[in-house]
Amino acid sequence: MTEVSRETFDDVMVPNYSPLKIIPVRGSGAKLWDKDDNEYVDFAGGIAVNALGHCHPELTGALKEQADKLWHLSNVFTNVPALELGKKLVDNTFADKVFFSNSGGEANEAAFKLARKYASDNFGSDKNEIISFKQSFHGRTLFTVCVGGQPKYTQGFEPLPQGITHLEFNNIEMLEKAVSDKTCAIVLEPVQGEGGIISADKAFMKKVRELCDKFNAVMVLDEIQTGMGRTGQLFAYMDYGVEPDVLTSAKALGGGFPIGAMLAKDKFAVALNIGSHGSTYGGNALACAVASKAFDIINSETVLAGVNEKRALYETKLQMINEKYDIFDEVRGKGLLIGGALKEKYLGRARDFMVASLEQNLMILIAGPNVIRFAPSLLVTEAEIEQGMAAFEKAVAKVVAA
Ligand SMILES: *Cc1c(COP(=O)(O)O)cnc(C)c1O
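The rules we used
- Residues numbered from 1 in each chain as written.
- Predicted model: local features only at pLDDT ≥ 70, side-chain atom pairs only at ≥ 80, totals over all residues.
- Heavy atoms only, no water.
- Core = buried A, V, L, I, M, F, W, Y, C linked by side-chain atoms within 4.5 Å.
- Buried < 20%, exposed > 50% of the residue type's maximum accessible area, 1.4 Å probe, protein only.
- Domains from an automatic or database assignment.
- Contact = heavy atoms within 4.5 Å.
- Helix = DSSP H or I, 4+ residues; strand = E, 2+ residues; numbered from the N terminus.
- Pairing = 2+ DSSP bridges.
- Near = heavy atom within 4 Å.
- Polar contact = N/O pair within 3.5 Å; in protein donor to acceptor, adjacent residues only side chain to side chain.
- Nonpolar A, V, L, I, M, F, W, Y, C, P; charged D, E, K, R; others polar.
- Expected span 1.5 Å × (residues − 1).
- Arc of directions from axis to C-beta.
- Salt bridge = Lys/Arg side-chain N within 4 Å of Asp/Glu carboxyl O.
- Axes fitted to C-alpha atoms, helices over the stretch in contact; angles between N-to-C directions.
- Parallel < 35°, antiparallel > 145°, perpendicular 65-115°, else oblique.
- Left-handed = near helix turned anticlockwise from the far one by under 90°.
- Buried area = accessible area lost by both parts, 1.4 Å probe.

Novice: Please explain the nonpolar core as it appears in this structure.
Specialist: If you look at the biggest cluster of nonpolar residues, it comprises 81 residues, and the most contacted ones within it are Phe374 and Phe392. Built from parts of two domains, this core gets at least three residues from each of domain 1 (6-55 + 301-401) and domain 2 (58-298). Apart from residues lying up to four places away in sequence, Phe392 is in contact with Leu318, Ile321, Phe328, Ser357, Leu362, Ile364, Ile372 and Phe374. If you look at the next biggest cluster of nonpolar residues, it comprises 25 residues, including Val145, Val147, Val218 and Met262.

Novice: How do you make sense of the pairing of strand E7 (residues 183-188) when you look at a structure like this?
Specialist: Within a regular strand, the side chains alternate between the two sheet faces. In terms of residue burial, E7 counts as a mostly covered element, since six of its six residues are buried. Alignment of strand E5 (residues 129-133) against E7, held across three bridges, turns out to be parallel. The residue bridging Ile131 from the neighbouring strand is Ile186, located in E7. Both E7 and strand E10 (residues 218-222) contribute to a ladder of four bridges, which runs parallel. In the sheet register, Ile186 faces E10, and the bridge partner there is Met219.

Novice: Got a minute to help me understand the site of the ligand in this structure?
Specialist: Lining the immediate environment of the ligand, one finds Ser103, Gly104, Gly105, Asn108, Phe137, His138, Gly139, Glu189, Asp222, Ile224, Gln225 and Lys251. Interatomic distance of 2.7 Å between a side-chain N/O atom of Asp222 and a nitrogen atom of the ligand. Among the elements that make up the shell around the ligand, the one with the highest residue count is helix H5 (residues 104-123) (three residues). Grouping the constituent residues of the shell around the ligand by class yields two nonpolar, seven polar and three charged.

Novice: Can you walk me through helix H4 (residues 80-91) in this structure?
Specialist: For H4, spanning 12 residues, the distance from its first C-alpha to its last is 16 Å, which sits close to the expected 16 Å at 1.5 Å a residue. Considered for burial, the residues of H4 that qualify are Pro81, Ala82, Leu85, Gly86 and Leu89. Burial along H4 is one-sided: seen end-on, the buried residues are contained in an arc of 130 degrees. In H4, the exposed positions that point more than 90 degrees away from the buried face belong to Val80, Leu83, Lys87 and Asp91. Packing partners of the buried residues in H4 comprise helix H3 (57-67), strand E4 (97-101), strand E12 (260-264) and helix H10 (285-298). Two or three places before Ala82, at the opening of H4, Asn79 has a side-chain oxygen 2.8 Å from that residue's backbone nitrogen.

Novice: What should I look at first to understand the pattern of salt bridges in this one?
Specialist: Side chains carrying opposite charge are able to pair once their charged atoms draw close together. Across all of its chains, the model carries 21 salt bridges by this definition. With its nearest N and O atoms 3.9 Å apart, the salt bridge here joins Lys293 to Glu58. Residue Lys293 is located in helix H10, and its partner Glu58 is located in helix H3; the two are separated by 235 residues in the primary sequence. Owing to a relative accessible area of 27%, Lys293 belongs among the partly exposed residues under this scheme. The shortest N-O distance in the salt bridge between Asp245 and Arg209 comes to 3.0 Å. On the criterion of sequence distance, the pair formed by Asp245 in the loop between E10 and strand E11 (246-249) and Arg209 in helix H8 (residues 202-214) is long-range, its members being 36 residues apart. The exposure class assigned to Arg209 is buried, which follows from its relative accessible area of 12%.

Novice: Just checking my understanding: could you explain the sheet that holds strand E14 (residues 337-342) for this structure?
Specialist: Strand-to-strand pairing in sheets goes through backbone hydrogen bonds, with the strands running parallel or antiparallel. The sheet built from four strands is open, its strands ordered E13-E14-E17-E16 with antiparallel pairing. At either end of the open sheet lies a strand with only one pairing partner, and these are strand E13 (328-334) and strand E16 (365-366). Pairing between E16 and strand E17 (residues 371-374): two bridges, direction antiparallel. Bridge assignment links Leu365 to a residue of E17, and that residue is Arg373. Against the sheet, helix H11 (residues 301-325) makes contact with E13, E14 and E17, and its axis sits at roughly 175 degrees relative to E13, the strand it touches most.

Novice: What should I look at first to understand the packing of helix H12 (residues 350-359) against helix H13 (residues 382-401) in this one?
Specialist: For any two helices packed against each other, the geometry comes down to the angle between their axes and how far apart the axes lie. At a minimum axis separation of 8 Å, H12 and H13 run at an interaxial angle of 125 degrees. When the axes of H12 and H13 are compared, the pair comes out oblique. Considering only the axes of H12 and H13, their crossing is right-handed. Here Asp352, Phe353, Ala356 and Ser357 of H12 come into contact with H13, specifically with Phe392, Ala395, Val396 and Val399.

Novice: Help me understand the domain arrangement of the protein chain, please; the structure alone is not making it clear to me.
Specialist: Often the size quoted for an interface is simply the accessible area lost on bringing the parts together. Along its sequence, the protein chain is organised into domain 1 (6-55 + 301-401) and domain 2 (58-298). Every contact between the two is made by 26 residues of domain 1 and, on the other side, 27 residues of domain 2. Across the domain 1 to domain 2 interface the summed buried area is about 2100 Å²; carbon plus sulfur atoms make up 61%. Taken together, domain 1 and domain 2 are joined by one salt bridge. Across the pair Arg373 and Glu194 runs a salt bridge whose closest N-O atoms are separated by 2.9 Å. Applying the counting rule to domain 1 against domain 2 returns eight residue pairs in polar contact (both at pLDDT 80 or more). When residues of the side of domain 1 that touches domain 2 are traced back to their parent elements, those giving at least two are helix H2 (45-48), H11, E13, E14 and E17. Here the residues of the side of domain 1 that touches domain 2 are counted per class, giving 17 nonpolar, six polar and three charged.

As structure tokens, this is what we get:
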């Protein structure tokens, strides 16, 4: 076996990541272990991906079963797991059609291309402007970083795709002024994840719907982080009383197996006609078999209802910690997408809390420099929350004392 360590990363990997020093080798539920068998509580969930924890036996079973049957065909043929998953997504959402990809970024790439194509087919090529929002995140392909509202991710990659405007999130007045007959899409996350766990207001979401209808623009909801049970609904839009035209899913969709999906109403889906878009691996049989099983587990009364019960426990614990250490201005987000916005005194120091937590055998996330983020397994147990929060309190005590 090749000897590897954290140092190997710096030797052989492109330096675009700076991974923490522990290398987990094994996981079960909301726990991880490194090679020396040190145990960690996982509140990071692979960045909201491992919605059913690590190595859920039913997902492992679905993967193994499919692995012995058929792995891959390409889109020259269709396959049974893709058809089954597609049917489940259509039967349980606003959508009439599905396109499968391998990641969230690719699902968004498909959504944005669809919006341009729909507008071009129906209204001419002048209708090409995409309205998006500041501090949003939509992926790392060139088109999706440009639609995303974080300039640091596009710097140095110019020339950039054009026709994209970024407005203040939740600002209705500004949106009303900016939208026009040239707008082909309005794109938003129901809860901005990477941008700091900021929820869209209900009135704002309704206004996006209204303006999209008025100006024949495609309403695209990026539910890559908020979807598949994360907020306590199958998709977060279900809490808003508003249906999008197009929705993207990934992360929790595959429970750890790479897959993404773009869901669309028929009226818009037809724009991606034969040959206009594609992916070699999109709808891969292994990925769809795992995602199909994950869908069945997540889309159940008990799992979805459990999300908000578990959130309540997190909130209670965080409130107790905050009363003692006074670090958060606000605990926000929805369901098990939980953000702790740091007080002015700790601005820029979210990563310090993450590193201190790891020293207490707890994995957490950040959402930008000022927000601590928890995105645990939807099946995280009360005991795991207690254990993890005890570790978090110790980490907070250390950072505050330092
Ligand atoms: C993670 C994420 C993406 C990108 O997904 P990838 O699988 O990394 O390409 C896009 N949008 C949102 C809201 C995300 O959270």
